[in-house]
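# Summary of the model geometry
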Amino acid sequence: GAVVSQHPSRVICKSGTSVKIECRSLDFQATTMFWYRQFPKQSLMLMATSNEGSKATYEQGVEKDKFLINHASLTLSTLTVTSAHPEDSSFYICSARVTNTEAFFGQGTRLTVV
Amino acid sequence: GNSVTQMEGPVTLSEEAFLTINCTYTATGYPSLFWYVQYPGEGLQLLLKATKADDKGSNKGFEATYRKETTSFHLEKGSVQVSDSAVYFCALSSWEYGNKLVFGAGTILRVKS
């Protein structure tokens, strides 16, 4: 199947700094990628839909100035958590849609803000 | 709106036991249905899917049948292994909802040897 690579897998940063997470589709072009956040022992919460060459569409309640999404090419989307705080600590997962009925997920990024 | 309801876990089974994880959904139109599996510290992997009523998705011994009349997509496996221990997510997507995946809360499965 299609491969989605997410980097880094783990990151620890100081409060107030920004962190960038990359999501790459390795063997296919993805016009649409999705960013999710997963809290411990909970389901995935869709944060935003990232469309190549256009602005991301954010879900209700997600701060777009806090979570900056850039989808500059058909194989790369980035999520930047700006001015991170401990409450932003979470597991972030990206996915890329291959067809209208199938999406592949990255391995996730564990962000810890200290 | 679209939603997915899964049975709460954790589900604890002995090796070779029969597994059922219930999943029901609410959706407009004709959604596609999925089961994803998440191993500890990893992202999600597609386990199986069904795109129309009465379809049966299957993979690695797991099966689920798309039942429109009961709006269900229960996951089953005849004989679980310790390596099946993971979190299982039922999900749906529909064109009417922009093909976004909507996930259930997830069910933790623990298989003991």
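We now turn to the structure provided with this report. (Residues numbered from 1 in each chain as written. Chains lettered and ligands numbered in written order. Predicted model: local features only at pLDDT ≥ 70, side-chain atom pairs only at ≥ 80, totals over all residues. Heavy atoms only, no water.)

### Overview of the interface of chain B and chain A
In this complex, chain B contributes 20 residues to the contact, which on the side of chain A involves 20 residues. On the chain B side of the interface with chain A, the three residues burying the most area are Leu44, Asn99 and Lys100 of chain B, jointly 29% of the side's total. Where chain B meets chain A, there are one salt bridge. Its salt-bridge partner being Lys100 of chain B, residue Glu59 of chain A comes within 2.8 Å of it at the nearest N-O pair. Within the residue set of the side of chain B that touches chain A, elements represented by two or more residues are strand S5 (32–38), strand S6 (44–50) and strand S10 (86–93) of chain B. The element contributing the most residues to the side of chain B that touches chain A is S5 of chain B, with four residues. A per-class count over the side of chain B that touches chain A returns eight nonpolar, nine polar and three charged. (Contact = heavy atoms within 4.5 Å. Buried area = accessible area lost by both parts, 1.4 Å probe. Salt bridge = Lys/Arg side-chain N within 4 Å of Asp/Glu carboxyl O. Helix = DSSP H or I, 4+ residues; strand = E, 2+ residues; numbered from the N terminus. Nonpolar A, V, L, I, M, F, W, Y, C, P; charged D, E, K, R; others polar.)

### A look at unusual backbone geometry
For the bond from His7 of chain A to Pro8 of chain A, the omega torsion is 0 degrees, close enough to zero to count as cis. Within the element layout of this structure, Pro8 of chain A appears in the loop between strand S1 (4–7) and strand S2 (10–13). Put simply, Gly9 of chain B and Pro10 of chain B share a cis peptide bond, and its omega is -5 degrees. Its location among the elements puts Pro10 of chain B in the loop between strand S1 (3–6) and strand S2 (11–14). Backbone geometry places Ser83 of chain A, a non-glycine residue, at a positive phi of 45 degrees. When you line up the elements, Ser83 of chain A lands in the loop between strand S8 (76–81) and strand S9 (90–99). Not every positive phi belongs to a glycine, and Lys60 of chain B is a case in point at roughly 55 degrees. Here Lys60 of chain B lies in the loop between strand S7 (56–59) and strand S8 (62–65).

### Considerations on the sheet that holds strand S9 (residues 75–77) of chain B
All names here are of chain B. Taken in spatial order, the four strands of this open sheet run S3-S9-S8-S7, and their pairing is antiparallel. Edge strands, defined here as strands with exactly one partner in the open sheet, are strand S3 (19–21) and S7. Strand after strand, the sheet turns through a mean of 15 degrees between neighbouring axes, direction not considered. Sheet analysis places S3 next to S9, joined by three bridges and oriented antiparallel. Within S9, the residue paired with Thr20 across the bridge is Glu76. (Pairing = 2+ DSSP bridges. Axes fitted to C-alpha atoms, helices over the stretch in contact; angles between N-to-C directions.)

### As for the environment of Tyr58 of chain A
Residue and element names in this part refer to chain A. Turning to its location among the elements, Tyr58 is positioned in strand S6 (residues 57–58). When the C-alpha atoms of Tyr58 and Leu68 are compared, they prove to be 10.0 Å apart, with ten residues separating the residues in sequence. Setting aside its immediate chain neighbours within four residues, Tyr58 contacts Met47, Ala48, Lys64, Phe67, Leu68 and Ile69. Among the polar contacts listed, one links the side chain of Tyr58 to the backbone nitrogen of Ile69, at a separation of 3.3 Å. (Polar contact = N/O pair within 3.5 Å; in protein donor to acceptor, adjacent residues only side chain to side chain.)

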